[in-house]
Every structure is written in structure tokens, then in C-alpha cells.
Amino acid sequence: MSETTSKISVRGLRKSFGSKNVLSGVDFDIEEGESLVVIGGSGTGKSVLLKCILGLITPDAGEILIDGVDILKLSPFERSRKTRQIGMLFQGAALFDSLKVWENIAFRLIYGEGKASGPSRAIAVDRLAQVGLPAEVANLSPAELSGGMQKRVALARAIAADPKILFFDEPTTGLDPITADVINRLIVDRVKAVGATAISITHDMVSARKIADEIAMLYQGRIVWRGPASDILSSGNPYVDQFVNGRAEGPIKMALKSA
Amino acid sequence: MNPAAHIGRAAIAIFAEIGAMSIFALKGAFAWVSGPFYTREFLSAAIRVGFNSLPVVGLTAIFTGAALALNIYDGSARFNAETFLPQILAVSIVRELGPGFAALMVAGRSSSGMAAELGAMRVSDQIDAMSTLAVDPFKYLISPRILATTIMMPFIVLVADLIGILGGWTVAVYALDFEGATYIRNIDSFLTAEDVTSGLVKAGVFGFLISVMGCYYGYKSRGGAQGVGGATRSAVVASAVAILASNYIMTSLFVDF
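Residues numbered from 1 in each chain as written. Chains lettered and ligands numbered in written order. Predicted model: local features only at pLDDT ≥ 70, side-chain atom pairs only at ≥ 80, totals over all residues. Heavy atoms only, no water.

A tally of helices and strands in chain B yields 9 helices and 0 strands. Over its C-alpha atoms, taken along the principal directions, chain B stretches across nearly 65 × 55 × 35 Å. Across the 257 residues of chain B, 49% fall into the buried class. Long-range pairs, those at least 24 residues apart, make up 86% of the contacts in chain B with a sequence separation of at least 6. Accessible surface, chain B: about 12,200 Å² in total, of which carbon and sulfur atoms supply 71%. Counting 15 positive and 16 negative side-chain charges, chain B places the averaged centre of each group 13 Å from the other. (Helix = DSSP H or I, 4+ residues; strand = E, 2+ residues; numbered from the N terminus. Buried < 20%, exposed > 50% of the residue type's maximum accessible area, 1.4 Å probe, protein only. Contact = heavy atoms within 4.5 Å. Areas by Shrake-Rupley, 256 points an atom, 1.4 Å probe, with all protein chains shown as cover. Lys, Arg positive; Asp, Glu negative; His and termini not counted. Charge placed at Lys NZ, Arg CZ, Asp CG, Glu CD.)

Encoded structure:
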């Protein structure tokens, strides 16, 4: 490799569950500070892709390089040190419902890094403000929040330790258009503020165009198109056109069984 | 299909499951050694498993002791041995019924509770989220529960033993005309330390098995509410079977020497 090292490189990534091939050779690179959005229908393996990079799922074959190091060749301990720099916003927010909002945000600081709870709480309240929530929310439990507020708290939790890489799994799914836009702006803001590298997966095209520098389309376990976000409407790719315009007819046949 | 292949496949599946469980149990029991140790999680599990189980374990023990007193009296009267009621009752409670019944009640309460809690966390991505926040779920969720249950169980059983003997004493004194002080003195001079400690060792093993089953099935649960329901059911059934099977093995070891 003669060019500079990409922040994340994925090479020939394969994963199947039983007889179902979910990823059948995914390749892509992301440079530092770049925001990539992966689009694709439900059950095309977008979440599996992120979970492979996070080390939550072990792929069947392929390489995942973070800062030029193949994490699949590392020991579990070394790998978790490498994947620690990734913050993730889960689709369903995945807040710890036994803990208060501020404990959720400070979870990594207190339990992962052993910081004292007083200063961690101050950081949590600060993060709440950054996602546009008042300090009073800090003492509520996640169950008392609306879906949009839960997503914001989850975002605050994901960015609490200033991770260098951020993953967003369907950040706007299930939100009304206004709240969705608030989340989109927060994501753009935070990614810019931290200078983080971001991978988002979504099938919300409005969201994709707002948060992406580049968009890649995943279909049948492969990246079938990749290009700048501004080109998404004029890609000339029949798969992308069908998806972006939301047409039932086209080269993409919906799978009847989910993954 | 070939019936032999069917049996073989089922046998392999069972061994694979036991193997996975054993690895899980070892990881869970020792994950905390390399630190950090989450004291708050440990204490909260100890209170939930230990202290909060006491009412239901106490009720079980008092009725078991009471019924046992009637049965022993009725049975031993057939060969005029009813004066040995206190001794037989005490040995039965501390060696067998105290640990057994307490463990089964804790299995019903805590094993199912752990499976449901961890299962709900699993299907809502909370366990994956924990990993992405640089906290090992084995250290934060599994180890505290296994340690707390294993340590608390002997204390629960000690209380169950006392209440069980009290239940038997109450029936013996008020329904069967035993003399209260003599009854206690008979137990005191008859019961050995080994009788009690063998029951407490059993209790620790039962606590370990209960928490491993609850955590294992919860941690591995898949597929929404139905999956969590299945995990809860499996945890209780597996705990009960493990308690009864290990009870026989331990009893045969203790009785031999």
C-alpha cells in the first residue's frame, strides 16, 4: 500500500448465518474525519457490518483494518483496546433502564475508565446540553423519556468519551421529521466538533443526504455503488435509483424472509 | 430420518450446550479477577438474591418443618420411636430439606429474574451497548450475580434451617405434646457440625448453579419477548434439574466418609 493509511478499511468481509449469506465480500475505506452513510433495504446486513467492526460478531472471512491494523488478527484484549475508540448510537437507543440518564451518559467514564462520579456527572450534564436537553433530565430514568429524547441521550452517551470513530445505526428511524432533523444536525455538529470518522446506516434518504460526505449502497451483501452524497440522485445505478426513489419495481427484489 | 442419527444429534447438542455453559460459568466466575470489581452491582445483587428471598424461603421452611414433624411422628410411631422426632427432623432439615427447598425457591425467584433481566438487556442491545462503552458485560453483569448468589445462599440456608426446625418444634410442642426445652436439648446433643456444614456447602454450590443458569440463558437469549420468556423458563428448569442432580452427587460424597 503506497497511499496513506485509511482510518477504517474493510476487505472481503463475509458473514453468513446458517445457509443465509448476509455479507458476501464487502470492501470499503473511510478516511479520517469522513462521514460515510451506508444505505440498503432491511435485512441487507447493515447492522451486521457495524457489529463486525465493533467486534461483537466474528466474521467468517475478510480483514477489518483500523488505523492499518487488522483487528481480527489481534488477541481479544488487544482488539477491545482498538475498538474502544468507537462510539455507537444503537437503533433502539439501548439505554440502560436500571440507571438514570446521567449515569447512562457517564457509564463509560465511571465504569469503563474508573473516573469519580462527581466530575463524570458534570461531564454528563455538559453532554446533555450539547444534545439540547436541560440539566433536569439528568435525574430522570430512560423510561420517562420520549423516543426522540432517548435517541438524544443515547447520542450524548456515545460521544461522552470523545470517541475518534462514531457509528450510527438508523439514528432517525421511528422519529417524527422535525425530531429526525434535530438528530441529523446533532450528528453533523458532533462529528465536526470532534473531528470523528463516522459510519451511519439508514434507509432514511433525507437523513442520509444530510449527514453523509459519501454514500455507499449495500445490496445482497456487497457494496454495489459508492459516491459523493451530492451524486446520489444522479448515480446512474439502477439499484440506487430504485432505492432512492422508493419504487417497488426494479432490479432489487424484496426478500420475503427477514434475516 | 435414521433414528440413531437423531439420537446422536441430540446427544451432541446436549454436550455442546453443557460445554458452552461450563465455559460461560468459568468466565463469569473469574472475570472480575483482572478487575475492575463492581462493588455496587455485587451488593445490589446480594440484597436482591439474599435479603429479598428471605420471606419466601422462611415461609417454605416453616411449613416444611411443620409437615415433616407430623410425618416423622406418624411414621416412627409405628415402631415406637417417636421420641427420636427432634433428631430425625433436625438432620433432615439441615442436611437435605433446608438447602433443597431454599435453593428451589431461590431458583424460582432469582434464576428467572436474572434470565429475564439479562434477556431484556440482550434483545434491546443494552449488552452490546455496554461493550461499546468499554465495559465488559461479564465483569459488570455476570460476575457480580454469580459471586453474590454463591456467597448469599449459605446464609439463606442457615436461616431456612433455623426456621424449619422452629416449624417442627412448634408442631411437636403444641400438637404432639413434646416438652419444648428437652426437644431443643435433644437436637443440640445430637446434631454435629458436619450435618450443618454439609448443608451449607451444598447451598453454595446451588447458589453458583442457580446464578449460572439464570445468567447463561438470559445472556444468550434471542428474538424479542418470546425469546426472553423462553430464556426464563429454561433457566428455572435447568436450575431445578442442576440442583437436584448435584444434590444427589454431593450427598453421596458427604455420606461416604
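Moving on from the model shown.
Given 3.6 residues per helical turn, the α-helix brings residues three or four places apart onto the same face. Between its terminal C-alpha atoms helix H3 (residues 54-76) of chain B stretches 32 Å, which fits the 33 Å expected from 23 residues at 1.5 Å a residue. Among the residues of H3(B), B:Val57, B:Gly58, B:Thr60, B:Ala61, B:Thr64, B:Gly65, B:Ala66, B:Leu68, B:Ala69, B:Ile72 and B:Ser76 are the ones counted as buried. (Expected span 1.5 Å × (residues − 1).)

Residues and elements named next belong to chain A. Spatially, E2-E1-E4-E5 is the arrangement adopted by the 4 strands of the open sheet, whose pairing is antiparallel. Edge positions in the sheet fall to strand E2 (20-30) and strand E5 (69-70), since each has one partner strand and no second. Sheet topology places strand E1 (residues 8-17) next to strand E4 (residues 61-66); 5 bridges connect them, and they run antiparallel. Residue pairing across strands places Ser 9 opposite Leu 65, the latter belonging to E4. The strands that helix H1 (residues 46-54) touches are E1, E2 and E4; relative to E2, the one it contacts most, it runs at about 65 degrees. (Pairing = 2+ DSSP bridges. Axes fitted to C-alpha atoms, helices over the stretch in contact; angles between N-to-C directions.)

Attention now moves to the pattern of salt bridges. Residues and elements named next belong to chain A. Within this structure, the stated rule accounts for 23 salt bridges over all chains. Between Asp 29 and Arg 11 there is a salt bridge, with the nearest N and O atoms lying 2.9 Å from each other. Of this pair, Asp 29 sits in strand E2 while Arg 11 sits in strand E1, placing them 18 residues apart in sequence. A residue is classified by how much of its surface remains accessible, and Asp 29, at 25% relative accessible area, is partly exposed. (Salt bridge = Lys/Arg side-chain N within 4 Å of Asp/Glu carboxyl O.)

Next up on the list: the interface of chain A and chain B. With 18 residues of chain A at the interface, the matching set in chain B holds 16 residues. Carbon and sulfur atoms make up 63% of the area that chain A and chain B hide from each other, which totals about 1,600 Å². A per-residue breakdown of the area chain A buries against chain B is headed by A:Phe96, A:Phe107 and A:Tyr111, which together make up 33% of the total. Taken together, chain A and chain B are joined by 3 salt bridges. (Buried area = accessible area lost by both parts, 1.4 Å probe.)

Residues and elements named next belong to chain B. It is at 10 Å that the axes of helix H6 (residues 137-175) and helix H7 (residues 180-190) come closest, and there the two elements cross at 140 degrees. Classed by the angle they form, the pair H6 and H7 counts as oblique. In this structure, H6 meets H7 at a crossing whose hand is right-handed. Contact residues: H6 offers Ile 165, Gly 168, Trp 169, Ala 172 and Val 173, while H7 offers Gly 180, Tyr 183, Ile 184 and Ile 187. When its residues are assigned to classes, the contact of H6 with H7 shows 7 nonpolar, 2 polar and no charged. (Parallel < 35°, antiparallel > 145°, perpendicular 65-115°, else oblique. Left-handed = near helix turned anticlockwise from the far one by under 90°. Nonpolar A, V, L, I, M, F, W, Y, C, P; charged D, E, K, R; others polar.)

Evaluation of the coordinates by the stated rule reveals 17 aromatic pairs over all chains. For the pair B:Trp169 and B:Tyr174, a centre-to-centre distance of 6.3 Å together with 85 degrees between the ring planes defines the contact as edge-to-face. Seen from their ring centres, B:Phe178 and B:Tyr183 are 6.0 Å apart, and the 90 degrees between their planes marks the pair as edge-to-face. Relative accessible area serves as the criterion here: at 18%, B:Phe178 is assigned to the buried category. Taken together, the ring pairs connect A:Phe96, A:Phe107, A:Tyr111, B:Tyr38 and B:Tyr140 into an aromatic cluster. (Phe/Tyr/Trp six-rings, centres within 6.5 Å; stacked < 30°, edge-to-face > 60°.)

Residues and elements named next belong to chain B. Contact geometry for helix H2 (residues 39-49) and H6: axes closest at 8 Å, N-to-C directions at 40 degrees. As summarised for this structure, H2 and H6 are arranged oblique, according to the angle between their axes. As H2 packs across H6, the resulting crossing turns out to be right-handed. In this structure, H2 uses Glu 41, Phe 42, Ala 45, Ala 46, Arg 48 and Val 49 to contact H6, whose residues at the interface are Tyr 140, Pro 144, Arg 145, Leu 147, Ala 148, Thr 149, Ile 151, Met 152 and Ile 156. Residue classes in the contact of H2 with H6 are distributed as 11 nonpolar, 1 polar and 3 charged.

Once that is clear, we can look at helix H1 (residues 3-30) of chain B. All names here are of chain B. With 28 residues, H1 should reach 40 Å at 1.5 Å per residue; the first-to-last C-alpha distance of 41 Å fits that figure. Taken as a whole, H1 has its buried residues at Met 21, Phe 24, Ala 25, Gly 28 and Ala 29. If you follow the buried residues of H1, they end up packed against H6 and helix H8 (193-219).

All names here are of chain A. Taken in spatial order, the 6 strands line up as E6-E7-E8-E3-E9-E10 in an open sheet, and their pairing is mixed. The open sheet has two edge strands with one neighbour each: strand E6 (86-89) and strand E10 (222-228). Each strand axis lies, on average, 20 degrees off the axis of its neighbour in the sheet, ignoring direction. Looking at chain direction, strand E3 (residues 35-39) and strand E8 (residues 197-202) are connected through 5 bridges and run parallel.

Moving on to the confidence of the model for chain A. Mean pLDDT for chain A: 87, with 96% of residues reaching 70 or above. Mean pLDDT across the elements of chain A bottoms out in helix H9 (residues 238-245) of chain A (85) and peaks in helix H3 (residues 101-105) of chain A (95). (pLDDT = per-residue confidence, 0-100.)

Turning next to the pairing of E3(A). Residues and elements named next belong to chain A. Most of E3 sits inside the fold, with 5 of its 5 residues counted as buried. With burial as the criterion, each face of E3 is covered, one bearing Ser 35, Val 37 and Ile 39 and the other bearing Leu 36 and Val 38. Sheet topology places E3 next to strand E9 (residues 214-219); 4 bridges connect them, and they run parallel. Considered in E9, the bridge of Val 38 is made with Ala 216.

On to the side chain of A:Arg108, then. Of note, A:Arg108 is situated in helix H4 (residues 107-112). From its side chain, A:Arg108 meets the backbone oxygen of A:Arg84 in a polar contact 2.8 Å long. If we ignore the near neighbours within four places in the chain, the residues touching A:Arg108 are A:Arg84, A:Ile86, A:Glu113, A:Ala161, B:Thr132, B:Leu133 and B:Ala134. (Polar contact = N/O pair within 3.5 Å; in protein donor to acceptor, adjacent residues only side chain to side chain.)

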